[in-house]
Amino acid sequence: AQSVAQPEDQVNVAEGNPLTVKCTYSVSGNPYLFWYVQYPNRGLQFLLKYITGDNLVKGSYGFEAEFNKSQTSFHLKKPSALVSDSALYFCAVREANTGGFKTIFGAGTRLFVKA
Amino acid sequence: NAGVTQTPKFQVLKTGQSMTLQCAQDMNHNSMYWYRQDPGMGLRLIYYSASEGTTDKGEVPNGYNVSRLNKREFSLRLESAAPSQTSVYFCASRFPGQQETQYFGPGTRLLVL
């Protein structure tokens, strides 16, 4: 069965510092991995995805994520955090070649960036 | 493009009442989804529709029904609301292809008293 773990409920960083939001996953086959961001009272917005190829994926707003197959991780990173990055971040996994209609979401990690 | 729209934005129900949450997308997506979001639990799939005319159960379908009215619209019905259904409900849609991302609506906040 597919699963996603976001081990931190909350991450606090100072503006200008690098940030990392952690995600690990479990699937039987090859994974498709996604990061979404949710601002207050809004729906989820797509940030980036890993499908195949280069393990380092670049996305919107300066975010990037690194796929690590051996550690089954897909951590979200940004070199220099902004106060406006404060939001709820979700990691999600979909198992390749299964029809792809069921995406499993992590519980979410709340990011606070302090000025 | 309005993207994915949902109505209503907020609703208060009494236990046992029924209601329908509406969702529409104007991106010509084939598949549509209903999720609920609860604190500390992420998003859980209630039902999905792979294409017009088909619907399937997700992770937490009990107490809900859905209708894929046409390619654009996918509604979620609560026949007899329960306090456990207090949640934020999100509709999403997606292009064909399992590599594609989902596009989410703004959500419906439901309170069942």
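Q: What should I look at first to understand the layout of surface pockets in this one?
A: Taking a probe equal in size to a water molecule and rolling it over the atoms shows the remaining empty space. Each pocket or cavity is described by its volume, and for the largest pocket that value is around 610 Å³. Lining the largest pocket are 30 residues, with A:Gln38, A:Leu88, A:Arg110, B:Gln37 and B:Arg109 sitting closest to its centre. Looking at the lining of the largest pocket, the elements with two or more residues in it are strand S10 (87-95) and strand S12 (109-114) of chain A together with strand S4 (31-38), strand S9 (87-94) and strand S11 (108-112) of chain B. If you tally residues by element for the lining of the largest pocket, the top one is S12(A), at four residues.

Q: Explain the interface of chain A and chain B to me, please; I cannot follow it from the model alone.
A: Interface size is commonly expressed as the accessible surface area that is lost when the partners come together. Opposite the 26 residues of chain A that make contact, chain B presents 24 residues. Note on chain A versus chain B: buried area summed over both sides is about 1,900 Å², and carbon and sulfur give 52% of it. Per-residue buried area on chain A facing chain B is highest for A:Leu44, A:Phe101 and A:Phe105; these three make up 30% of the total on that side. Across the contact surface, chain A and chain B share zero salt bridges. There are four residue pairs in polar contact (both at pLDDT 80 or more) connecting chain A and chain B. For the side of chain A that touches chain B, the secondary-structure elements that each account for two or more residues are strand S5 (31-38), strand S6 (44-50) and S10 of chain A.

Q: Just checking my understanding: could you explain the pairing of strand S7 (residues 65-68) of chain B for this structure?
A: Moving residue by residue along a regular strand, the side chains alternate between the two faces of the sheet. All names here are of chain B. Alternating residues of S7 divide into Val66 and Arg68, all buried, and Asn65 and Ser67, none buried. Examined bridge by bridge, S7 and strand S8 (residues 74-78) share four bridges and lie antiparallel to one another. Looking at S8, one finds that Val66 is bridged to Leu76. Here S7 folds back onto S8 in antiparallel fashion, the turn holding five residues.

About the thresholds
- Residues numbered from 1 in each chain as written.
- Chains lettered and ligands numbered in written order.
- Predicted model: local features only at pLDDT ≥ 70, side-chain atom pairs only at ≥ 80, totals over all residues.
- Heavy atoms only, no water.
- 1 Å grid on protein atoms, 1.4 Å probe; cavity = no way out; pocket = protein on both sides within 12 Å on 5 of 7 lines; lining within 4 Å.
- Points joined across faces, edges and corners; volume = space filled by probe spheres on them.
- Helix = DSSP H or I, 4+ residues; strand = E, 2+ residues; numbered from the N terminus.
- Contact = heavy atoms within 4.5 Å.
- Buried area = accessible area lost by both parts, 1.4 Å probe.
- Salt bridge = Lys/Arg side-chain N within 4 Å of Asp/Glu carboxyl O.
- Polar contact = N/O pair within 3.5 Å; in protein donor to acceptor, adjacent residues only side chain to side chain.
- Buried < 20%, exposed > 50% of the residue type's maximum accessible area, 1.4 Å probe, protein only.
- Pairing = 2+ DSSP bridges.

On their own, these measurements won't tell you what the molecule is for.
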